[in-house]
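Listed here are the chains, written in short residue letters.
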Amino acid sequence: MTPKFPSANFRTWRLQIAAVIRLEMKKTFFAKRGLWVYLLALAPVLLFMGRAIDLMRTSETRQEMASAHPVSSEVLGKIRPSMNEDEPGMTIDDVIKKAGEPYARRAFYAGRGRRGRTQIVSMSYTDQQDDYTFTFVDGELVGVNRREHPNLQQDTLIFATVFQFFYLRLAIFFGCVGIFMNLFRGEMIDKSLHFYLLAPIRREVLLVGKYLAGLAATVVIFTTSTALQLWMLLLPYDASAYLHGAGWHHIFAYLGVTALACLGYGSVFLAAGLLVRNPIIPAATVLLWESANLFLPAALKKISVIFYLQSLCPVVAPPEKDMNPLLALLISSAEATRPAWAITGLVALTLVILVVASMRARKLEINYGTD
Amino acid sequence: MPAPPPIEQSLVVLEDISRFYGEVLGVNRVTLSIPPGITSLVGPNGSGKTTLMNLITGLVRPTRGSISVLGVAPTDPERLFRLLGYSTQFDSFPKGLTGFQFIYSFLRLFGYEHAECERLAWKSIERVNLVEPAKRKVAGYSKGMRQRIKLAQAIAHDPRVLVLDEPLNGLDPLVRAETIALFRELAAEGRHVIVSSHILHEVDMISDQVILMSNGYVVAEGKIQGVRDEISDQPMQVLIRCNRPAALASKVFDEASVVEARLHADGGGLLIKTRDANRFYRLLNHIALNGIEIESVAPVDDNVNSVYEYLIGGEESK
């Protein structure tokens, strides 16, 4: 009995795309050669997890100290060294009388000046928010060091910096290199691509199926990583105020930007896998192009993925002032554009790249000997 | 009554096909019309057999010329691969799949529903006798099993044209016989079975027609006897079994078309080389009426092996 062939229509294409995705999923998620993609996604999670653990541990210690040696911020704020050389400064006893016993006290002797050996004493207090260290030289208060305890506002800036300068530009970028370049190129290396090309499937449909499989894998891996990073960011703090404010907007924006990065870089490296044999060459070229975005004319800026992604990031992370010029070039910010335009631009850029890739896929030949 | 389909819709047609890989010739100026039945592509390594098969199936594109498979161009995979199945020479498979999953996944690419894919997958697996190992990973298969699962994949969607690149390689004698029987069965159903092989006696056994290739050119095509008849510079060899071979030898030497007569080693026959076989057969009828009892007359060099040797040269054959 000859089976009835489904006619080529959207339903058939949908079924074929689903079949391609089913075949590709296992390869994209569990390929040994893609193991490093997980490491790239995991690295910032570990970074923020380490910080969260450290913050929670020090916060706990500080609270214990503060309970054992209670003192108010107001009292600590009034303890200052003398500004006038003729006036004697506060002594150790004066400070203890005002603020009580410190939770930590260190004393040591230094140098041999005209007045002989100098005794240096430091006393530490905390008001649960900030740490205060009072320094005494030969019993007289000479300095106050107030160290602010990390807060959520500061940490959101740190997160923005890591997200834009490491996660978007390197982790997701190279993760997409690893997954999307392999969709066609990996099968040419394994000599198994011909099985797809021997099925009654349009090359464009095959390309879309593979792209969606790669996209699903990268979106799951990297948005999970983003979500975990954000969780680790908020974990040491009482984030209710943040979440009632801009918090949820930031979270969804970061998750959205992550998915859009996979969408954009995915299309670039899928096309690269069809056009070029060696993945290092297109990866280096695209990295350079994306990094040089700042110096490009306005029209050319729009032919880059990072231009749109940066416009969508909810928190701007300016580079450090004393940053190495080479690094500054790598992380240069593009001029922002409106979110709606940024999403439209990125989707349009992705579609153009996929159309170019599908044109190449139509001409694809199996010639493993030279691939 | 509906009109019969045009003749080109029952043929695999290649018109003036050339394919170059840069400076290297793949095939050159190949023109063929392949009817249903078993057609064997024969030629030494590098003669262009695989390139020709890849061209028919659209895995490579011709530098010039055109191809039509039952009226469908290889540039139209959506229609082509519903008509055609190809078992390639590549001995590699998608990773991590069992034999069944391999066929099933391939069928899903056709857009069939789950149940239909299962039915077709098991049917083709049964046809190649691979039911028991079908649930094991392909990576653990022997060479012969890999060949059979590839064959199962090629026939799974019930194609009208089968292109099989060295399908008998790595098969043990029993499976080889079963596979040849399957080819015959498929050909008897009116399908095109295009097979490449370098094992000449097998080609001889199974082929309805042969295409002999050398250095990218088709040097002969057609039914093997027809091809042999056209090789006029090589006298036809005929073995005659009779009761008086010596007497027969003396009579046939009078005939101008006979260039050589040699007594067979067992003394019960005569090996003749003649430039005009038809004329010789007429003479033989006349001789038979004059007291020599002829038991059998059989041409001995109208097989692929001899034709191949005459056309391409023994040193090139494998």
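The structure displayed is predicted, hence computed values, not measured ones. (Residues numbered from 1 in each chain as written. Chains lettered and ligands numbered in written order. Predicted model: local features only at pLDDT ≥ 70, side-chain atom pairs only at ≥ 80, totals over all residues.)

**Q** Describe in detail the overall build of chain A, supporting the description with residues and values.
**A** Of regular secondary structure, chain A possesses 13 helices and 4 strands. Radius of gyration (C-alpha) of chain A: 29 Å, far over the 21 Å computed for a compact globule of 371 residues. Evaluated residue by residue, chain A yields a buried proportion of 34% over its 371 residues. Restricting to contacts in chain A with at least 6 residues of sequence separation, those with at least 24 account for 78%. (Helix = DSSP H or I, 4+ residues; strand = E, 2+ residues; numbered from the N terminus. Rg over C-alpha atoms; globule rule 2.2 N^0.38 Å. Buried ≥ 20, exposed ≤ 12 C-beta atoms within 10 Å, placed from the backbone. Contact = placed C-beta atoms within 7 Å.)

**Q** Account for the overall build of chain B, naming residues and giving values.
**A** The helix and strand tally for chain B stands at 11 helices and 13 strands. If you line up chain B on its principal axes, its C-alpha atoms span 75 × 50 × 45 Å. Per-residue burial for chain B yields a buried fraction of 42% across its 318 residues. For chain B, long-range pairs separated by at least 24 residues make up 66% of all intrachain contacts whose partners lie at least 6 apart in sequence.

**Q** Let's hear about the pairing of strand β3 (residues 130–137) of chain A: which residues, and what values?
**A** Regular strands place side chains that alternate from one sheet face to the opposite one. All names here are of chain A. Where strand β2 (residues 116–126) and β3 come together, 7 bridges link them in antiparallel fashion. Counted as the bridge partner of Met-123 is Phe-134 from β3. Counted between consecutive antiparallel strands, the loop separating β2 from β3 contains 3 residues, among which Gln-128 sits at a positive phi close to 85°. Bridge count for β3 against strand β4 (residues 140–148) is 8 bridges, and the pairing is antiparallel. Looking across to β4, one finds that Phe-136 is bridged to Leu-141. Counted along the chain from β3 to the antiparallel partner β4, the turn is 2 residues long, and its residue Asp-138 has a positive phi close to 50°. (Pairing = 2+ DSSP bridges.)

**Q** Report on the sheet that holds strand β12 (residues 269–274) of chain B, specifying residues and quantitative values.
**A** Residues and elements named next belong to chain B. In space, the 4 strands of this open sheet follow the order β11-β12-β10-β13, with antiparallel pairing throughout. The open sheet has two free edges, formed respectively by β11 (258–263) and β13 (294–299), since each of these has just one partner strand. Across the sheet, the axes of successive neighbouring strands diverge by a mean angle of 20°, strand direction being ignored. Sheet analysis places strand β10 (residues 236–242) next to β13, joined by 5 bridges and oriented antiparallel. Paired with Arg-241 across the strands is Ser-296, a residue of β13. Against the sheet, helix α9 (residues 245–252) touches β10, β11 and β12, its axis set at about 170° to β11. (Axes fitted to C-alpha atoms, helices over the stretch in contact; angles between N-to-C directions.)

**Q** Account for unusual backbone geometry, naming residues and giving values.
**A** Keep in mind that most residues, glycine aside, have a negative phi and that most peptide bonds are trans. Its identity is not glycine, yet A:Asp138 carries a phi of approximately 50°, on the positive side. Turning to its location among the elements, A:Asp138 is positioned in the loop between β3 and β4. On the neighbour-count criterion, A:Asp138 (13 C-beta atoms within 10 Å) is partly exposed. In this structure, B:Asn215 is a non-glycine residue whose phi angle is positive, near 50°. Within the secondary structure layout, B:Asn215 lies in the loop between β8 (209–214) and β9 (217–222). For B:Asn215, a count of 15 C-beta atoms within 10 Å translates into the label partly exposed.

**Q** Give a description of the sheet that holds β8(B) that names residues and reports values.
**A** Residue and element names in this part refer to chain B. Read across the open sheet, the 6 strands follow the order β5-β6-β7-β3-β8-β9; overall the sheet is mixed. The open sheet has two edge strands, β5 (84–87) and β9, and neither has a second partner. On average, adjacent strands in this sheet sit at an angle of 15° to one another, irrespective of strand direction. By the bridge criterion, 4 bridges tie β5 to strand β6 (residues 161–165) in an arrangement that is parallel. In the sheet register, Ser-87 faces β6, and the bridge partner there is Leu-164. Its contacts with the sheet put helix α1 (residues 49–56) on β3 (37–42), β6, β7 (192–197) and β8, and the angle it makes with β6 is roughly 150°.

**Q** Now, about the interface of chain A and chain B: what can you tell me, with residues and values included?
**A** At the interface, 29 residues of chain A touch 27 residues of chain B. Looking at the side of chain A that touches chain B, the elements with two or more residues in it are α1 (10–30) and α6 (194–197) of chain A. Considering every element that reaches the side of chain A that touches chain B, the biggest residue donor is α1(A), with 9 residues.

**Q** Would you mind going over the nonpolar core in detail, with residue names and values included?
**A** Counting residues in each nonpolar core, the largest one holds 142 residues, and the members touching the most others are A:Ile172, B:Ile103 and B:Leu107. A total of 15 residues in this core trace back to one element, the largest contributor, which is helix α5 (residues 152–190) of chain A. What B:Leu107 contacts, discounting residues up to four positions off in sequence, is B:Tyr112, B:Cys117, B:Leu120, B:Ala121, B:Ala156 and B:His157. (Core = buried A, V, L, I, M, F, W, Y, C linked by C-beta atoms within 7 Å.)

**Q** Give a detailed account of helix α13 (residues 339–362) of chain A, specifying residues and quantitative values.
**A** All names here are of chain A. For α13, built from 24 residues, the straight-helix expectation of 34 Å at 1.5 Å per residue is met to within 8% by its first-to-last C-alpha distance of 34 Å. Buried within α13 we find Ala-342, Gly-345, Leu-346, Leu-349, Thr-350, Ile-353, Leu-354, Ala-357, Ser-358 and Ala-361. Those residues of α13 that are buried are in contact with α7 (203–234), α8 (240–275) and α11 (305–312). (Expected span 1.5 Å × (residues − 1).)

**Q** Now, about the confidence of the model for chain A: what can you tell me, with residues and values included?
**A** Parts of the prediction with low pLDDT should not have their coordinates interpreted in detail. Taken as a whole, chain A shows an average pLDDT of 84; of its residues, 90% reach a score of 70 or greater. When pLDDT is averaged over each element of chain A, α7(A) comes out on top at 95 and helix α12 (residues 325–330) of chain A at the bottom at 56. (pLDDT = per-residue confidence, 0-100.)

**Q** Talk me through helix α4 (residues 114–127) of chain B; I want residue IDs and the actual numbers.
**A** Residues and elements named next belong to chain B. The end-to-end C-alpha separation of α4 is 20 Å, in line with the 20 Å expected for 14 residues at 1.5 Å each. All of the buried residues in α4 are Cys-117, Leu-120, Ala-121, Ser-124 and Ile-125. Taken around the axis of α4, the buried residues stretch over an arc of 130°, which confines them to a single face. In α4, the exposed positions that point more than 90 degrees away from the buried face belong to Ala-115 and Glu-126. In this structure, the buried side of α4 is in contact with α3 (99–108) and α5 (143–155). (Arc of directions from axis to C-beta.)

**Q** Can you explain the packing of α3(B) against α4(B)? Please cite residues and give values.
**A** Residues and elements named next belong to chain B. At a minimum axis distance of 9 Å, the contact between α3 and α4 shows a crossing angle of 130°. Accordingly, the angle class assigned to the pair α3 and α4 is oblique. The interaxial crossing formed by α3 with α4 has right-handed handedness. Facing α3, whose interface residues are Gly-99, Phe-100, Ile-103, Tyr-104, Leu-107 and Arg-108, α4 presents Cys-117, Glu-118, Leu-120, Ala-121, Ser-124 and Ile-125. When its residues are assigned to classes, the contact of α3 with α4 shows 8 nonpolar, 2 polar and 2 charged. (Parallel < 35°, antiparallel > 145°, perpendicular 65-115°, else oblique. Left-handed = near helix turned anticlockwise from the far one by under 90°. Nonpolar A, V, L, I, M, F, W, Y, C, P; charged D, E, K, R; others polar.)

**Q** Lay out the packing of α5(A) against α7(A) in plain terms, naming residues and giving numbers.
**A** Residue and element names in this part refer to chain A. At a closest axis distance of 11 Å, the pairing of α5 and α7 adopts a crossing angle of 155°. Regarding the angle of α5 to α7, the classification is roughly antiparallel. Between α5 and α7 lies a crossing of right-handed hand. Contacts from Asp-155, Phe-159, Ile-172, Gly-175, Cys-176, Ile-179, Phe-180 and Leu-183 in α5 reach Lys-210, Gly-214, Ala-217, Thr-218, Ile-221, Phe-222 and Leu-233 in α7. Taken together, the residues of the contact of α5 with α7 break down into 10 nonpolar, 3 polar and 2 charged.

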